[in-house]
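Residue-level structural notes
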Amino acid sequence: DAKTTQPNSMESNEEEPVHLPCNHSTISGTDYIHWYRQLPSQGPEYVIHGLTSNVNNRMASLAIAEDRKSSTLILHRATLRDAAVYYCILYFGNEKLTFGTGTRLTIIP
Amino acid sequence: ETGVTQTPRHLVMGMTNKKSLKCEQHLGHNAMYWYKQSAKKPLELMFVYSLEERVENNSVPSRFSPECPNSSHLFLHLHTLQPEDSALYLCASSQDRQALGWMGLFFGSGTQLSVL
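Residues numbered from 1 in each chain as written. Chains lettered and ligands numbered in written order. Predicted model: local features only at pLDDT ≥ 70, side-chain atom pairs only at ≥ 80, totals over all residues. Heavy atoms only, no water.

Looking at the overall build of chain B
Using the following cut-off: Helix and strand assignments follow DSSP, with helices taken as H or I runs no shorter than four residues and strands as E runs no shorter than two, numbered in order from the N terminus. Each radius of gyration is computed over the set of C-alpha atoms, and the globule rule expresses the reference value as 2.2 Å times the number of residues to the power 0.38. Relative accessibility decides the category of a residue: with a 1.4 Å probe and only protein chains considered, values under 20% of the type maximum give buried, values over 50% give exposed, and everything between is partly exposed. Whether two residues are in contact is decided by their heavy atoms: any pair within 4.5 Å suffices. Counted charges follow a simple rule, with Lys and Arg positive, Asp and Glu negative, and His plus the chain ends left uncounted. Each charge is placed at NZ for Lys, CZ for Arg, CG for Asp and CD for Glu.
Counting its secondary structure elements, chain B contains one helix and eleven strands. Taking 116 residues into account, the globule formula puts the C-alpha radius of gyration at 13 Å, and chain B, at 13 Å, falls close to it. Judged by the C-alpha coordinates and their principal axes, chain B covers about 40 × 25 × 25 Å. A burial count over chain B gives 49% of its 116 residues as buried. Contacts in chain B between residues at least 24 apart in sequence constitute 56% of all its contacts with a sequence separation of at least 6. Treating the 10 positive side-chain charges of chain B as one cloud and the 10 negative ones as another, the clouds have centres 9 Å apart.

Quick look at the interface of chain B and chain A
Which entries qualify depends on this criterion: In short, buried area is how much 1.4 Å probe accessible area vanishes from two parts on joining, totalled over both. Should a side-chain nitrogen of Lys or Arg be within 4 Å of a carboxyl oxygen of Asp or Glu, the pair is scored as a salt bridge. Here a polar contact means two N or O atoms within 3.5 Å. Within protein one must be a hydrogen donor candidate and the other an acceptor candidate, and residues neighboring in sequence count only if both atoms are side-chain atoms. Amino acids outside the nonpolar list (Ala, Val, Leu, Ile, Met, Phe, Trp, Tyr, Cys, Pro) and the charged list (Asp, Glu, Lys, Arg) are all regarded as polar, and Gly is one of them.
Opposite the 21 residues of chain B that make contact, chain A presents 18 residues. With both sides pooled, the region where chain B packs onto chain A buries about 1600 Å², and carbon together with sulfur makes up 54% of that total. Counting every contact that joins chain B to chain A gives zero salt bridges. One can count six residue pairs in polar contact (both at pLDDT 80 or more) joining chain B with chain A. Elements with a contribution of two residues or more to the side of chain B that touches chain A: β4 (31-37), β9 (87-94) and α1 (100-103) of chain B. Of the residues belonging to the side of chain B that touches chain A, the class tally is eleven nonpolar, seven polar and three charged.

Topic: the nonpolar core
Applicable threshold: What makes a nonpolar core is a set of buried Ala, Val, Leu, Ile, Met, Phe, Trp, Tyr and Cys residues whose side-chain atoms join them at distances within 4.5 Å.
In this structure, Trp34, Phe64, Leu76 and Leu78 of chain B are the most contacted members of the largest nonpolar core, which totals 22 residues. Only β2 (10-13), β3 (18-25), β4, β5 (44-50), β7 (64-70), β8 (73-79), β9 and β11 (111-115) of chain B provide two or more residues apiece to this core. Ignoring sequence-local partners within four residues, the contact set of leucine 76 of chain B consists of Lys19, Ser20, Leu21, Trp34, Met46, Phe47, Phe64, Ser65, Pro66 and Tyr89 of chain B. Membership of the second largest hydrophobic core comes to 20 residues, among which are Val47, Leu62, Leu73 and Cys88 of chain A.

A few points about the sheet that holds strand β6 (residues 61-64) of chain A
Consider a sheet: its strands pair through backbone hydrogen bonds, and that pairing is either parallel or antiparallel. Residues and elements named next belong to chain A. Going by this rule: DSSP-based pairing: two strands are paired if at least 2 bridges between them are found.
One open sheet accounts for four strands, arranged β2-β7-β6-β5; its pairing is antiparallel. The open sheet has two edge strands, β2 (18-23) and β5 (55-56), and neither has a second partner. With two bridges connecting them, β5 and β6 associate as antiparallel partners. From the neighbouring strand, asparagine 56 faces β6, where its bridge partner is serine 61.

Some thoughts on the environment of tyrosine 89 of chain B
All names here are of chain B. Its location among the elements puts tyrosine 89 in strand β9. Note on tyrosine 89: relative accessible area 0%, which makes it buried. Along the backbone, tyrosine 89 and methionine 13 are 76 residues apart, and their C-alpha atoms lie at a distance of 14 Å. Excluding its chain neighbours within four sequence positions, the residues that come into contact with tyrosine 89 are Gln6, Leu21, Trp34, Tyr35, Lys36, Met46, Phe64, Leu76, Gly110, Thr111 and Leu113.

Honestly, that's just the spatial picture; any functional story needs more than this.
Set out below in structure tokens:
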């Protein structure tokens with residue numbers, strides 16, 4: 001199974017962009033890259049996903065490296081409500097999502 | 001409003017009690033999941049249901065008994081639990097198991113369980 005590597009924690013200032021990295025050097029050609037986040041006392045929520053091309057939605061942008069061995073979740077303007085644990089997950093068609101330990105993002109006012 | 005509702009939000013039970021966790025999804029999804037999240041550990045997949053049929057049981061002890069009476073409801077029946085079973089129990093749904101990759105999982109807020 002392809003694995004992901006994320007920093008344990010990151011800090012960012014409020015109202016500034018945040019770039020959350022994820023390495024997945026053993027990704028295969030059909031693996032989707034998913035991002036979820038878990039706010040305090042909540043279940044995880046879907047943020048974004050992609051396969052090969054960069055993706056944008058109302059929550060974030062996903063930048064995928066050309067070789068697909070890494071990706072970056074971009075929050076364009078962080079707010080205090082973005083403080084959460086962010087999970088980068090590879091989906092490889094086994095009909096389940098396996099969560100790692102993620103990156104705990106702290107937003108500094 | 002996530003479309004997946006879990007009750008109760010908090011539960012304290014003794015080791016000899018029997019209790020049930022309830023999950024309801026309002027999204028018209030066909031697959032439902034139970035995950036366990038212990039303190040400082042990754043989420044662990046416990047059970048998967050597809051069209052009300054259990055399709056996966058990840059070596060979960062028999063003191064946890066899931067039930068899926070229809071595609072909108074999922075229960076987790078608990079009996080004779082241990083203190084180490086204290087955790088956040090999360091329910092999730094997806095359009096179907098095959099669509100997981102491109103449509104994702106939708107989670108409830110979880111039930112925080114404490115076993116005394």
